[in-house]
Amino acid sequence: MRIVSAEVHQVELPLVFPFETSFGREETKVCLLIALTAGDGRRGWGEVPAGAAPLYNEETVGTAWHVLEEFILPRLFEQDVPHPRAFPPIVASLRRHHMAKAGVEAALWDLHCQADGISLSTALGGTRGAVAAGVSLGIEPSVERLLNRIREFLARGYQRIKIKIKPGWDADVVAEVRRAFGDIRLQVDANSAYTLDQADVFRRMDGFDLLLIEQPLAEDDIIDHAALQAQLRTPICLDESIVTPDDARKAIALGSCRVINIKAARMSGLTAGVATHDLARRAGVPVWCGGLLETGIGRAANIALASLPNFTLPADLSASDRYFHEDIIDPPVRLNADGTVTVPTAPGLGFRVLEDRIDRDTVKRATYRR
Ligand code: OSB
Ligand code: MG
């Protein structure tokens, strides 16, 4: 593939309702969208799900833009890329900036699949036609408000509920959720809000039959997580701590987790996401597909990835209407009656990208040429 130009769009889409985690509250989805144009005129799309501030990881839309403009896109234009899997080595010597790299790699996958007339799911090795969908719900101003949200999403048919926790909003809230909804599939995500000396909170939660406890401790830690996992029956699932396939190998070897949340964007792209899936599968460790409140473009790639065989737990892949009044893909992602999301079979991302909506939501844009 010869890429002749790259458009970078910074978009802002209002969320249907605010999303609060232990690290902050978001009312608007801010990210970069990348459109690559190939020599044959085809366009491929990818998302850089970095936010306005470096809260989930170290990247922001500003750092991603800088690194794309100054380093990643110039390298892309320097050579032809025979396959999307040839892209990671081209940018490997640029340290980190995983989301910026992942956005370009996703657009290359879209182009590659369009050219071959295959779906992204097929290209990645997907084996299922639908993915079990869960919903991730933020911290609310009151327990009652959270219970109402959960009720609403259970009624829509989501197969599992994930709630965000932080010190002061944890074991008691989980107890109330269990009391209200019985044995629903339930998990929690701390986004690194605790330290090992707060282990008693997790020992308490160990009695609530959670599917998993996501990222309780520091984002750069796999030592204390191993110590905590040894005290718990409930699997620890790592999110922020796993940014390369090698991190996954080490965390599994140390016993730092028994489940892994895979977000290709956190790991520099779909190639690394698939590699992590493969090594976890060989180790007998289940994985599931996480999300970063992506627009339809990022979510389409996540759906394709989640169709691989070892994605055995419900994904943070909700319908478009959980996030946005109007998504930027057509059709929007919809929840099936059985609580799944269909994996598209059309070539590439499998959805039509609504460029006029992207233009409407774009606050900053630039085009770079070979
Ligand atoms: O930790 O999984 C997370 C959203 C933003 C940042 C971090 C996380 C999340 C989610 C949302 O939980 C999942 C989704 O996209 O539905
Ligand atoms: Mg998480």
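Definitions and limits used
- Residues numbered from 1 in each chain as written.
- Chains lettered and ligands numbered in written order.
- Predicted model: local features only at pLDDT ≥ 70, side-chain atom pairs only at ≥ 80, totals over all residues.
- Heavy atoms only, no water.
- Helix = DSSP H or I, 4+ residues; strand = E, 2+ residues; numbered from the N terminus.
- Rg over C-alpha atoms; globule rule 2.2 N^0.38 Å.
- Buried < 20%, exposed > 50% of the residue type's maximum accessible area, 1.4 Å probe, protein only.
- Lys, Arg positive; Asp, Glu negative; His and termini not counted.
- Charge placed at Lys NZ, Arg CZ, Asp CG, Glu CD.
- Pairing = 2+ DSSP bridges.
- Axes fitted to C-alpha atoms, helices over the stretch in contact; angles between N-to-C directions.
- Contact = heavy atoms within 4.5 Å.
- Donors = N, O, S within 2.8 Å, 3.2 Å for Na, K, Ca; no water.
- Near = heavy atom within 4 Å.
- Polar contact = N/O pair within 3.5 Å; in protein donor to acceptor, adjacent residues only side chain to side chain.
- Nonpolar A, V, L, I, M, F, W, Y, C, P; charged D, E, K, R; others polar.
- Domains from an automatic or database assignment.
- Parallel < 35°, antiparallel > 145°, perpendicular 65-115°, else oblique.
- Left-handed = near helix turned anticlockwise from the far one by under 90°.

Looking at the overall build of the protein
Right, on to step 1. What the protein contains, in helices and strands, is 13 helices and 15 strands.
Right, on to step 2. Relative to a compact globule of 370 residues, whose C-alpha radius of gyration would be 21 Å, the protein shows 20 Å and is just as compact.
Right, on to step 3. Overall size of the protein, expressed as C-alpha extent along the three principal axes, is 60 × 40 × 35 Å.
Right, on to step 4. Evaluated residue by residue, the protein yields a buried proportion of 60% over its 370 residues.
Right, on to step 5. Between the averaged position of the 42 positive side-chain charges in the protein and that of its 49 negative side-chain charges there is a distance of 3 Å.

Some points on the sheet that holds strand 3 (residues 43–48)
Right, on to step 1. If you walk across this open sheet you meet the four strands as 3-2-1-15, and the pairing is antiparallel. Every other strand in the sheet has two partners, leaving strand 3 and strand 15 (362–369) as the edge strands with one partner each. The average undirected angle you get between the axes of adjacent strands in this sheet is 20 degrees.
Right, on to step 2. Across 14 bridges, the pairing between strand 1 (residues 3–21) and strand 2 (residues 24–38) is antiparallel. Bridge pairing in strand 2 links Glu7 to Ala35.
Right, on to step 3. The strands that helix 1 (residues 61–78) touches are strand 1, strand 2, strand 3 and strand 15; relative to strand 1, the one it contacts most, it runs at about 155 degrees.

A short note on the coordination of the magnesium ion (ligand 2)
Right, on to step 1. At the metal site, the magnesium ion (ligand 2) is ligated by Asp189 (OD), Glu214 (OE) and Asp239 (OD), and these contacts range over 2.0 to 2.3 Å.
Right, on to step 2. Read in sequence order, the donor residues coordinating the magnesium ion (ligand 2) give the pattern D-x24-E-x24-D. Note that Glu214 is positioned in strand 8 (residues 213–214) and Asp239 in the loop between strand 9 (236–238) and helix 9 (245–254), a separation of 25 residues in sequence.
Right, on to step 3. A relative accessible area of 0% places Glu214 in the buried class.
Right, on to step 4. Residue class for Asp239 comes out buried when judged on its relative accessible area of 0%.

Focus on the site of ligand 1
Right, on to step 1. Within the structure, ligand 1 sits among 16 residues, and Ser136, Asn191, Lys263, Leu293 and Tyr323 are positioned closest to it.
Right, on to step 2. For ligand 1, an oxygen atom lies 2.8 Å from a polar atom in the side chain of Asn191.
Right, on to step 3. At 3.1 Å, a side-chain N or O of Asp239 approaches an oxygen atom of ligand 1.
Right, on to step 4. Taken together, the residues of the shell around ligand 1 break down into six nonpolar, three polar and seven charged.
Right, on to step 5. Residue assignment places the shell around ligand 1 across two domains, with domain 1 (3–118 + 354–369) and domain 2 (122–342) each supplying three or more.

Thoughts on the side chain of Arg299
Right, on to step 1. Structurally, the position occupied by Arg299 is in helix 11 (residues 296–305).
Right, on to step 2. Accessibility expressed as a relative area gives 1% for Arg299, which makes it buried.
Right, on to step 3. Excluding residues within four positions of it along the chain, Arg299 makes contact with Glu294, Leu317, Ser318, Ala319, Ser320, Tyr323, Phe324, Asp327 and Val333.

Some thoughts on the packing of helix 1 against helix 3 (residues 98–116)
Right, on to step 1. Here helix 1 crosses helix 3 at 45 degrees, and the two axes come no closer than 9 Å. It follows from the interaxial angle that helix 1 and helix 3 lie oblique. The element helix 1 and its partner helix 3 pack so that their crossing is right-handed. Every residue of helix 3 that contacts helix 1 at Ala64, Leu68, Ile72, Leu73 and Leu76 is listed here: Ala100, Lys101, Val104 and Leu108.
Right, on to step 2. Its residues assigned to classes, the contact of helix 1 with helix 3 comprises eight nonpolar, no polar and one charged.

Here we look at the environment of Arg151
Right, on to step 1. Structurally, Arg151 can be placed in helix 5 (residues 143–156).
Right, on to step 2. Expressed as a C-alpha distance, the spacing of Arg151 and Val11, which sit 140 residues apart in the sequence, is 31 Å.

Just distances and angles here, no functional claims.
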